[in-house]
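Remarks on the overall topology
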Amino acid sequence: MNEKRGLLIGRIQPLHYGHMSVIEETLKEVDELIIGVGSADQSHTNSNPFTSGERVLMLSKALREYKIDPSRYYIIPLEDIACNSLWVGHVKMLTPPFRKVYSGNSLVKQLFNENHIEVVQPPLFNRKEYSGTEVRRRILNNENWEELLPKSVVKVINEIEGVKRIKNLNKKEVSEL
Ligand code: NAD
């Protein structure tokens, strides 16, 4: 039944072209894709500036921009938990049944493999530029971050005043030193 349903987990801080390429490629292999928004409980920090709801909005808008059939994906926020050894059960409780996981994150791979669930590592696409860290760095340095993200995601970040938030968070962390 769940042969052709896969799970992709990402923090998506924010959604960039690398995520979109892995989503498009994975959708060639599976009938349905569950997109888990990782660290859903985290926001307003330098490495996790956006809330789970904002990241769900980025995903919904970008998937619509790419004209991906909404019947082919589920977007599920996944809060982190303190016990890594229990995390796979926590994820399974919150998601529809799936057979394979798609992730390049070594801890994610290890935890699913230890639970006898196959993990496929999708090829990275221009990782130097298509990374959340690089997008956030460019925002802080007033460089061109918009070219790394789908237009609809740029629009969401502008709508929620994401640039201002990232800059303010950075100021706070520096003044706390
Ligand atoms: P991420 O957003 O950095 O990346 C998600 C996936 O997108 C990657 O695995 C990779 O396959 C793909 N990707 C990213 N850049 C790409 C590029 N340039 N080209 C092609 N593909 C690209 O998210 P992440 O850090 O992998 O997310 C893992 C989540 O799992 C985190 O939220 C983490 O907290 C969570 N987690 C939680 C626990 C726990 O709660 N105990 C344990 C393990 C993991």
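Report follows, based on the coordinates. Here the structure is a predicted model, which means the values were calculated and not measured.

**Regarding helix H5 (residues 132-140)**
Taken together, the buried positions of H5 are occupied by Gly132, Glu134, Val135, Arg136, Arg138 and Ile139. Directly beyond the C-terminal end of H5, a positive phi value near 55° is found at Asn142.

**Thoughts on unusual backbone geometry**
The residue after Gln13, namely Pro14, is reached through a cis peptide bond having omega 0°. In this model, Ile12 sits at a positive phi of 55°, which is unusual for a non-glycine residue. Look at Glu161: it is not a glycine, yet its phi comes out positive at around 55°.

**Here we look at the pattern of salt bridges**
Inspection of the entire model under this criterion finds nine salt bridges. Note that Glu32 and Arg5 form a salt bridge whose closest N and O atoms lie 2.8 Å from each other. Within this pair, whereas Glu32 is found in strand E2 (residues 32-37), its partner Arg5 is found in strand E1 (residues 5-10), the two being separated by 27 residues in sequence. By relative accessible area, Arg5 is classed as buried at 16%. Between Arg137 and Glu134 there is a salt bridge, with the nearest N and O atoms lying 3.0 Å from each other. Of this pair, Arg137 and Glu134 both sit in helix H5, three residues apart, roughly one helical turn. Residue classification places Glu134 among the buried residues on the basis of a relative accessible area of 14%. A single salt-bridge network, built from bridges that share partners, covers Glu129, Glu134, Arg137, Arg138, Glu143 and Glu147.

Conventions and cut-offs
Per-chain numbering applies: the sequence of each chain, read as written, is numbered from 1 onward. In view of the model being predicted, local features appear only for residues whose pLDDT reaches at least 70, and side-chain atom pairs are presented and counted only at 80 or more, with totals across whole chains, interfaces and linings using the full set of residues. Only hydrogens and water are removed before side-chain values are computed, so all heavy atoms of the structure are retained for them. Three exposure classes are used, based on accessible area relative to the maximum for each residue type with a 1.4 Å probe and protein chains only: buried under 20%, partly exposed in between, and exposed over 50%. Here a helix means four or more residues in a row that DSSP labels H or I, a strand means two or more in a row labelled E, and each is numbered from the N terminus. By convention in these notes, a salt bridge is any Lys or Arg side-chain nitrogen within 4 Å of a carboxyl oxygen on Asp or Glu.

Geometry only, nothing functional implied.
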